[in-house]
Amino acid sequence: MPAGRPGPAAQSARRPPPPLPLLLLCVLGAPRAGSGADTAVISPQDPTLLIGSSLQATCSVHGDPPGATAEGLYWTLNGRRLPRELSRVLNASTLALALANLNGSRQQSGDNLVCHARDGSILAGSCLYVGLPPEKPFNISCWSKNMKDLTCRWTPGAQGETFLHTNYSLKYKLRWYGQDNTCEEYHTVGPHSCHIPKDLALFTPYEIWVEATNRLGSARSDVLTLDILDVVTTDPPPDVHVSRVGGLEDQLSVRWVSPPALKDFLFQAKYQIRYRVEDSVDWKVVDDVSNQTSCRLAGLKPGTVYFVQVRCNPFGIYGSKKAGIWSEWSHPTAASTPRSERPGPGGGACEPRGGEPSSGPVRRELKQFLGWLKKHAYCSNLSFRLYDQWRAWMQKSHKTRNQDERILPTGRRGAARGNGAQVLPDKL
Amino acid sequence: MSRREGSLEDPQTDSSISSLPHLEAKIHQTHSLARLLTKYAEQLLQEYVQHQGDPFGLPGFSPPRLPVAGLSAPAPGHAGLPAPERLRLDAAALAALPPLLDVVRRRQAELNPRAPRLLRRLEDAARQARALGAAVEAVLAALGAETRGPRPEPAAAAAAAAAAAGVFLAKVLGLRVCGLYRDWVSRTEADLGQLVPGCPA
């Protein structure tokens, strides 16, 4: 891409200052007759300069009474008096100033260079604009909400610090035909962003770029080419509900609804769940939740409040081959696991459909269950429902054993305690 | 003693008796508005000088008090005038301010485009000056006094010339207009305060 083109600095420096008395007449009303006020003019008026450059300026005094001379005049820049050695008297009515190695402007409205009379009164002023041309904007990223609009964000070159007001303009056009269009709604998601609300075509590529312009020049970003369908995002899934799974102290069930705006198109949507303990900032993410609207978190701590969020990625929409863009997370929903006297397992994961064991603690328990089944096998096709029933029974029998320790010294339960064998349920 | 039955009562007497509380309420209300706007005008001035850079806003900064077309500062003898005349001058000044504030806002939009609060305050000031001016005219009408004379001309020429003026001059002009706005709302507050019963003169 071409470097910043030279701006109007040279032209600005050479442009003659507007005649001050005429301005006073037009803008401010006729000067009072017989006021005898001296007037002066600074040249150049409002120049634009590169950082590090030099400036030669003059303050020329007009008017009466005779005797108004350059002697005694002095300069200030942004309210600070400039050293005398930077000035010199050119002639009876003109004081010159030489500034070198200028710093960037302190404010965007320009640095205030002022010519003062001996008594300190202000005779004239000029605003200096000292800065840098813009650098090439980069890192353009765009997304479309539900295929209806397009929002783009970019990074300004050189962190955007040009010391001058720099205007950024997002442009776009259809790749194969059409004219350049300019985005109009800026700063929608941060200082360097723009939103195109409507009239966007699908199934055809757009070219998008950013132009940066200030008094010293302009720069253009690389062109980003995209199809709206490849950058679709959507709303977070609504109606997220988290609930206990019966009496299971280490599980929670999460259910949600497909985002309504795209629900008819989300054939291949992916979902992600994240959850954390109430007083923790560390989220755990469950990645493998493809195209379902429910999931069970397992291996959780008993008696603990969990916050849960869900988000959606509408990838593959209308046959797009590219990954979509994750939605925002849904509002946090909280639920607590039932309390237990047993120490609970540490981590957790979403239990997928199909009954496959997932992580460590669950696997251990399942192994115990299967071992128990081999001994007492009288049904071959088992479901997790049956497994859950067994676990609930295990939990209940453990509690009962603890409660009856002093009450039932004999009997089936007491005998079980005595030899360490697991107690069978009455019925399965 | 006239009876109140039917419509034989002198309507003027009747309306003056029944409108006096209304007038007092109106004066109270307008005085409160002026007091609030005086505070906003001070905030506008502070915001304005902040964005122009030093020496604007420095103690002792004394720019030329440039004349502004169609508007001058309250005269030294203003406080000695009769109340209706003072309010008439207040209303005239408040009517002249909005177009000037608009000119300042447009210029500041070029000079300080990233100062949305300043631009919003300038826009609000124009609207508030209009509202206060209308309220003062309503008080004048309720007092039976003539309101102000012909409306000032729109500041189109001033706007065009201000756009062409040097930046420093535009900054000084804007400061002058903001200062006049503060002076006139403050003056209006004081003038209305003298009409409010119990309010110190």
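Looking at an unreviewed UniProt entry, chain B carries the name Cardiotrophin-1 isoform X2, with the source organism given as Equus przewalskii. In UniProt, chain B has this text filed under Sequence similarities (unreviewed entry): "Belongs to the IL-6 superfamily." Under the UniProt heading Subcellular location (unreviewed entry), the note attached to chain B is "Secreted".

Going by an unreviewed UniProt entry, chain A carries the name Cytokine receptor-like factor 1 isoform X2 and comes from Equus przewalskii. Under the UniProt heading Sequence similarities (unreviewed entry), the note attached to chain A is "Belongs to the type I cytokine receptor family. Type 3 subfamily."

Engineer: Where do I start with helix α5 (residues 167-193) of chain B in this structure?
Structural biologist: Because an α-helix packs 3.6 residues into every turn, residues spaced three or four apart end up facing the same way. An ideal rise of 1.5 Å per residue puts 39 Å on 27 residues; α5(B) measures up with 39 Å between its terminal C-alpha atoms. Within α5(B), 22 of the 27 residues are buried, leaving the element largely enclosed by the surrounding structure.

Engineer: Just checking my understanding: could you explain the pattern of salt bridges for this structure?
Structural biologist: It is possible for side chains of opposite charge to pair when their charged atoms get near one another. All names here are of chain B. Enumeration according to the criterion identifies 16 salt bridges over all chains in this entry. For Arg 117, the salt bridge is made with Glu 47, and the minimal N-O distance between the two is 3.1 Å. Placement of the pair is Arg 117 in helix α3 (residues 116-142) and Glu 47 in helix α1 (residues 11-52), with a sequence separation of 70 residues. Residues Arg 130 and Asp 102 are paired through a salt bridge, measuring 3.8 Å at the closest nitrogen-oxygen approach. Here Arg 130, found in helix α3, pairs with Asp 102, found in helix α2 (residues 83-111); they are 28 residues apart in sequence, far enough to count as distant.

Engineer: Help me understand the packing of aromatic side chains, please; the structure alone is not making it clear to me.
Structural biologist: Geometrically, a pair of aromatic rings is defined through the distance of the ring centres and the angle of the planes. Evaluated as defined, the whole model comprises six aromatic pairs over all chains. Judged by centre distance (5.4 Å) and plane angle (55°), the rings of A:Trp256 and A:Tyr271 are tilted. Here A:Tyr271 lies in strand β22 (residues 270-277) and A:Trp256 lies in the loop between β21 (248-255) and β22, a separation of 15 residues in the sequence. On the basis of relative accessibility, which here comes to 5%, the residue A:Trp256 falls in the buried class. According to the relative accessible area criterion, A:Tyr271 is buried, its value standing at 2%. Taken together, a centroid distance of 4.8 Å and an interplanar angle of 55° make the contact between B:Phe56 and B:Phe61 tilted. The two residues B:Phe56 and B:Phe61 agree in class, both being buried. An aromatic cluster is defined as three or more aromatic residues linked by ring pairs; in this entry it consists of B:Phe56, B:Phe61 and B:Phe168. Between the NZ or CZ atom of A:Arg215 and the centre of the ring of A:Tyr129, over which it lies, the distance is 3.5 Å. Here A:Arg274 stacks its cationic end above the ring of A:Trp283, 4.1 Å away from the centre of that ring.

Engineer: Got a minute to help me understand the packing of α2(B) against α5(B) in this structure?
Structural biologist: A packed helix pair is summarised by two numbers, namely the angle formed by the two axes and the spacing between the axes. All names here are of chain B. Their axes nearest at 9 Å, the elements α2 and α5 cross at an angle of 150°. It follows that α2 is roughly antiparallel to α5 by the angle criterion. Between α2 and α5 lies a crossing of left-handed hand. A breakdown of the residues in the contact of α2 with α5 according to their chemical character gives 17 nonpolar, two polar and six charged.

How each quantity is defined
- Residues numbered from 1 in each chain as written.
- Chains lettered and ligands numbered in written order.
- Predicted model: local features only at pLDDT ≥ 70, side-chain atom pairs only at ≥ 80, totals over all residues.
- Heavy atoms only, no water.
- UniProt positions renumbered as here; feature names shortened; annotations may be inferred.
- Helix = DSSP H or I, 4+ residues; strand = E, 2+ residues; numbered from the N terminus.
- Expected span 1.5 Å × (residues − 1).
- Buried < 20%, exposed > 50% of the residue type's maximum accessible area, 1.4 Å probe, protein only.
- Salt bridge = Lys/Arg side-chain N within 4 Å of Asp/Glu carboxyl O.
- Phe/Tyr/Trp six-rings, centres within 6.5 Å; stacked < 30°, edge-to-face > 60°.
- Lys NZ or Arg CZ within 6 Å of the ring centre and 35° of its normal.
- Axes fitted to C-alpha atoms, helices over the stretch in contact; angles between N-to-C directions.
- Parallel < 35°, antiparallel > 145°, perpendicular 65-115°, else oblique.
- Left-handed = near helix turned anticlockwise from the far one by under 90°.
- Nonpolar A, V, L, I, M, F, W, Y, C, P; charged D, E, K, R; others polar.

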